[in-house]
Amino acid sequence: MKNKEQVVEELNKVIRFIHSEELTEEEKKEITRETVEYFDTYVSPGWLKYRKSVSTNAAVVEWKDYGAYCSGLYGEEFIDCLGGFGIYTCGHRNSEIIDTVKAQLNHQALHSQELLDPLRGYLAKAVADITPGDLEKCFFTNGGAEAVEMALKLARIATGGRWFISTVGAFHGKSMGAVSMAGKGTYRAPYTPMVQQVQHVEYGAAEDVRKAIRNLKAVGEKVAGVILEPIQGEAGIIIPPKGYLKEVREICDEYGAALIFDEIQTGMGRTGTMFRCEAEEVVPDIMTYGKAFGGGIMPITGIICRPHLWTEELIDNPWLLGSPTFGGNPLACSAALATIKYMLENDVPGQCREKGEYLIAGIKKLFEKYPTVIQDVRGIGLMIGLEFVTSDVGYSVAKGMFARRVLTAGTLVNSKCIRFEPAAVITYEDMDNILVRLEEAVIDTKEEFKL
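Note that the structure is predicted; figures quoted are calculated from it, not measured.

A.B. asks: An account of the overall build of the protein chain is needed here, citing residue identities and associated values.
C.D. replies: If you tally the helices and strands in the protein chain, you get 17 helices and 15 strands. A compact globule built from 451 residues would reach a C-alpha radius of gyration of about 22 Å, and the protein chain, at 23 Å, matches this within 12%. A principal-axis box enclosing the C-alpha atoms of the protein chain has dimensions of 65 × 60 × 45 Å. Taking all 451 residues of the protein chain together, the buried fraction comes to 52%. At a minimum sequence separation of 6, the contacts of the protein chain that also span at least 24 residues come to 73%. Taken as a whole, the protein chain presents about 20500 Å² of accessible surface, with 54% of it coming from carbon and sulfur. With 49 positive and 62 negative side-chain charges, the protein chain shows a separation of 4 Å between the mean positions of the two kinds.

As structure tokens, this is what we get:
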């Protein structure tokens, strides 16, 4: 350990920065310099180089956010089209959600782990109220991958099966079980062997799911579950054919496998309905949710399942599925409760649907105008993907957008695609500005690559 007095002195400096209403120019320079240095030394040397929208010499240190915007130390204001990968559906620092969290913090932050914390019960009922069909039993976690882990474990306990069917191009997180379901070798290869009983099939082809389960059954294996994103996010906003989810539901019913929908990115209004599976009129056995669930204020995720999956084994030992210390803590639950209320009262799914239609229509006009740059446009609601002719072209457009103060980024599985996931509170004026700046970035890229 370093000299204690020196560590305390440095911590006092950082805490003073946090409490400061206004920072001096020297403080801003100091924060920027130290942020770059400490990321490079103590976080990861690759972090500063990996981001696709920011060139390595453009160190913007984010400091404030509000509504549809985030801004840097020097007041650089960005229209946020990345949205924290879908976190900010209700906007940045939504005042109604913050007020509820502050009120909760005034009388309790975390819970004892032994007494009954009321907000967890209230939130579980609220989630059951807003999800389709007979989904009922809730389990709260902290991050998306953790929720997926719980879903996989629950499927095994409930069905007695051991195998999982996932899809090529899938992304479910990077913990060991979740990455075992991943559909891109880049994220799997460093960790093999991992969960071995996983078979990947083509996304959107229901008959491939049927064949995989049938073949496993023929050789004496039982499938615990089929895990799907209703829309593949990190693969580049891939929308399956109409009826695909329904057919997979029928296949799971036929073979006694649990159907798991990963709605961490597609859920909570993002795609125009509270959960994407509602639009397809399909009820899964287990559903994960997260991202916008905490209103962009607190991290909280979880699963909900149909009652028959909550077996006697789980009733006898409530800690068997998992026991995350901070899962469903009072602060996080207060944020989620306020988020659900805000979404219902302000028709956030409807806003996403209508504004998404407007933004997608504008982007498609650019696609028609610049087909040598833009290869495809896909999306539903405010979950939109632009695929470019090459990865380098996509990086160039993302950098051009960044230079014009629009924040976006690529998708983790498809490097040719960048995403647009702005807040539902975004204005039509901001969307018009985005389209103007996008066209400017496309024109610059077209000239740079002589396309």
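A.B. asks: Explain the environment of K341 residue by residue, including any values.
C.D. replies: Position of K341 among the secondary structure elements: in helix α14 (residues 330-345). Remark: the alpha-carbon pair of K341 and F293, spanning 48 residues in sequence, is separated by 11 Å.

A.B. asks: Report on the packing of helix α6 (residues 118-130) against α14, specifying residues and quantitative values.
C.D. replies: Where α6 contacts α14, the two axes come as close as 9 Å, and the packing angle between them is 30°. α14 is crossed by α6, and the crossing has left-handed handedness. In contact with L119, R120, Y122, L123, A126, V127 and I130 of α6, α14 contributes P330, C333, S334, A336, L337, I340 and L344. Split by residue class, the contact of α6 with α14 holds 12 nonpolar, one polar and one charged.

A.B. asks: How would you sum up the side chain of T288? Please name residues and give values.
C.D. replies: Turning to its location among the elements, T288 is positioned in strand β9 (residues 286-289). A distance of 3.1 Å separates polar atoms of two side chains, one belonging to T288 and the other to D262. What T288 contacts, discounting residues up to four positions off in sequence, is A147, V148, A151, F261, D262, E263, I264, G302 and I303.

A.B. asks: Explain the pairing of strand β7 (residues 223-228) to me, using residue names and the numbers behind them.
C.D. replies: β7 sits mainly inside the fold: six of its six residues count as buried. Where β7 lies against strand β8 (residues 258-262), four bridges are found, and the strand directions are parallel. Bridged to G225 within β8 is A258. For the segment spanning β7, helix α11 (residues 244-255) and β8, crossover handedness is right-handed.

A.B. asks: If you had to explain the sheet that holds strand β14 (residues 409-410) to someone new, which residues and values would you point to?
C.D. replies: Here four strands make up an open sheet; going across it, the order is β11-β12-β15-β14 and the pairing antiparallel. Of all strands in the sheet, those with a lone pairing partner are β11 (374-380) and β14, marking the two edges. In terms of strand pairing, strand β12 (residues 383-388) meets strand β15 (residues 417-420) through four bridges, oriented antiparallel. From the neighbouring strand, I384 faces β15, where its bridge partner is F420.

A.B. asks: Which residues make up the pattern of salt bridges, and what values go with them?
C.D. replies: As enumerated under the stated definition, the model contains 24 salt bridges in all. In this structure, the salt-bridge partner of K28 is E25, at a minimum N-O distance of 3.6 Å. Note that K28 and E25 are positioned in helix α2 (residues 25-43) at a spacing of three residues, about one turn of the helix. The partner of K369 in a salt bridge is E439, with the nearest N and O atoms 2.8 Å apart. With K369 in helix α15 (residues 348-369) and E439 in helix α17 (residues 428-449), the pair connects residues that are 70 residues apart, well separated along the chain. Overlapping salt bridges bring together D134, R249, D253, D285 and R306 as one network.

A.B. asks: I'd like a description of the environment of M176, backed by residues and values.
C.D. replies: Tracing the sequence through the fold places M176 in helix α8 (residues 176-180). Overall, the relative accessible area of 43% leaves M176 in the partly exposed class. The sequence separation of M176 and M401 amounts to 225 residues, and the corresponding C-alpha distance is 35 Å. Setting aside residues no more than four positions away along its own chain, M176 makes contact with E149, Y191, P193 and M194.

A.B. asks: A description of the pairing of β15 should follow, citing residues and the corresponding values.
C.D. replies: Side-chain alternation along β15 places C417 and R419 on one buried face and I418 and F420 on a second face that is also buried. Bridge count for β14 against β15 is two bridges, and the pairing is antiparallel. Across the sheet, the residue bridging to G410 is I418, located in β15. Counting the residues that bridge the hairpin from β14 to β15 gives six residues.

A.B. asks: Outline the packing of aromatic side chains, listing residues and values.
C.D. replies: Pairs of aromatic rings are described using the distance from one ring centre to the other and the angle between the two planes. In the structure shown here, the tally under the stated rule is eight aromatic pairs. Seen from their ring centres, Y66 and Y69 are 5.9 Å apart, and the 35° between their planes marks the pair as tilted. Y66 sits in the partly exposed class, given a relative accessible area of 33%. Connected via pairs of aromatic rings, a cluster forms that spans F140, Y289 and F293. The ring of Y187 has K174 sitting right over it, with the charged end atom 5.3 Å from the ring centre.

What counts, and at which threshold
- Residues numbered from 1 in each chain as written.
- Predicted model: local features only at pLDDT ≥ 70, side-chain atom pairs only at ≥ 80, totals over all residues.
- Heavy atoms only, no water.
- Helix = DSSP H or I, 4+ residues; strand = E, 2+ residues; numbered from the N terminus.
- Rg over C-alpha atoms; globule rule 2.2 N^0.38 Å.
- Buried < 20%, exposed > 50% of the residue type's maximum accessible area, 1.4 Å probe, protein only.
- Contact = heavy atoms within 4.5 Å.
- Areas by Shrake-Rupley, 256 points an atom, 1.4 Å probe, with all protein chains shown as cover.
- Lys, Arg positive; Asp, Glu negative; His and termini not counted.
- Charge placed at Lys NZ, Arg CZ, Asp CG, Glu CD.
- Axes fitted to C-alpha atoms, helices over the stretch in contact; angles between N-to-C directions.
- Left-handed = near helix turned anticlockwise from the far one by under 90°.
- Nonpolar A, V, L, I, M, F, W, Y, C, P; charged D, E, K, R; others polar.
- Polar contact = N/O pair within 3.5 Å; in protein donor to acceptor, adjacent residues only side chain to side chain.
- Pairing = 2+ DSSP bridges.
- Right-handed = clockwise from strand over helix to strand, strands pointing away.
- Salt bridge = Lys/Arg side-chain N within 4 Å of Asp/Glu carboxyl O.
- Phe/Tyr/Trp six-rings, centres within 6.5 Å; stacked < 30°, edge-to-face > 60°.
- Lys NZ or Arg CZ within 6 Å of the ring centre and 35° of its normal.

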